[in-house]
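# Geometric and topological summary
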Amino acid sequence: ARVNLLTVHFFFAPVVDDGDLLISEKDLALILDPIFRSWALPKQPVKRICLDPGHGGHDSGALGAKLKEKDLALEIAQRTRKLLVSQGYEVMLTREDDTFIPLAERAAKAIAWKADLFIAIHFNAAANTSVSGIETFVVTPLGAPTTYHTEVETRAVPGNRFDTLNARLGFEMQRYLIARTQAVDRGVKHGRLLVLVQAGMPAVLLELGFVSTPDEERLIGDATYQHRLALGIASGVIAMDRSLNAPPP
């Protein structure tokens, strides 16, 4: 669906019944309602932001002709931290250098630090070297399918405690990343990725472009574009902060 001009992947296909277009209750409650009704979201502080640069050490992540995902993720995290700190936020990185951090330890670090938001930073790769764009993942709720799948999840995970906040955070992240970069909008999606499953706070995993696509790799390697990516993330955090303090209409 297109929601305020942004691509959002529903859990279930809409249907037409007696001339009426219907969407599922889960899509209404866990996607549309959090996006449109800020004042109905659970209130919580947004002061401490955990940025999680993906991969590191022996795990290079996605590889382009020249660029490595692990290096790009750390660069964007460091740029984002500077922007957020300048706005008064406290920021922790799960890794400060080219060190491998096991997936299970990443969310644990954020929980121990009592982070208010968790943002995992990644880049993509694909066999098709023409595919491009940015996508944002949030954890799949109980009773809903992961994006591109049809079987629903039958087990609740820790990250599901924040389903409505995850939906809003994912929307704000994707909205501002696309606005700042003008990249292809691949949408807000859902997945049972380990760092999202284990998150003890609202969480997203960002895929900020395809290093396997030559034109996009060149763009991603440009310092000006990297600043735009960082600005998109920081703007998404600020928008999330404001949305949790929005008064009723």
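Residues numbered from 1 in each chain as written. Predicted model: local features only at pLDDT ≥ 70, side-chain atom pairs only at ≥ 80, totals over all residues. Heavy atoms only, no water.

### Examining unusual backbone geometry
For Lys-114, which is not a glycine, the phi torsion comes out positive at approximately 60°. Looking at the element boundaries, Lys-114 is found in the loop between α3 (103–113) and β7 (117–124). Taking the relative accessible area as the measure of exposure, Lys-114 reaches 64% and is therefore exposed. Positive phi, normally seen in glycine, also occurs at Gln-182, with a value near 60°. Along the chain, Gln-182 falls in the loop between α4 (163–181) and β9 (185–191). (Helix = DSSP H or I, 4+ residues; strand = E, 2+ residues; numbered from the N terminus. Buried < 20%, exposed > 50% of the residue type's maximum accessible area, 1.4 Å probe, protein only.)

### Overview of the packing of α4 against helix α7 (residues 223–243)
Relative orientation of the contacting elements α4 and α7 amounts to 145°, with a least axis distance of 8 Å. Handedness of the crossing formed by α4 with α7: right-handed. Residues Leu-165, Arg-168, Leu-169, Glu-172, Met-173, Tyr-176, Leu-177, Arg-180 and Thr-181 of α4 pack against Tyr-225, Arg-228, Leu-229, Leu-231, Gly-232, Ile-233, Ser-235, Gly-236, Val-237, Ala-239, Met-240 and Ser-243 of α7. Taken together, the residues that form the contact of α4 with α7 break down as 12 nonpolar, five polar and four charged. (Axes fitted to C-alpha atoms, helices over the stretch in contact; angles between N-to-C directions. Left-handed = near helix turned anticlockwise from the far one by under 90°. Contact = heavy atoms within 4.5 Å. Nonpolar A, V, L, I, M, F, W, Y, C, P; charged D, E, K, R; others polar.)

### A short note on the packing of aromatic side chains
Counted by the stated rule, this structure contains zero aromatic pairs. Lying over the aromatic face of Trp-113, Arg-48 brings its terminal NZ or CZ to 4.5 Å of the ring centre. (Phe/Tyr/Trp six-rings, centres within 6.5 Å; stacked < 30°, edge-to-face > 60°. Lys NZ or Arg CZ within 6 Å of the ring centre and 35° of its normal.)

### Observations concerning the sheet that holds strand β5 (residues 48–53)
Read across the sheet, six strands follow the order β6-β5-β7-β10-β8-β9 without closing on themselves; strand pairing throughout is mixed. The open sheet has two free edges, formed respectively by β6 (90–93) and β9, since each of these has just one partner strand. Going from strand to strand, the sheet's axes swing by 20° on average, the running direction of each strand aside. When β5 meets β7, the two strands line up parallel, connected through five bridges. Its bridge partner lying in β7, Ile-49 is registered against Leu-117. Its contacts with the sheet place helix α2 (residues 69–86) against β5, β6, β7 and β10 (203–210), and it is angled at close to 140° to β7. Most of the contacts of α3 go to β5, to which it runs at about 165°, and overall it touches β5, β6 and β7. (Pairing = 2+ DSSP bridges.)

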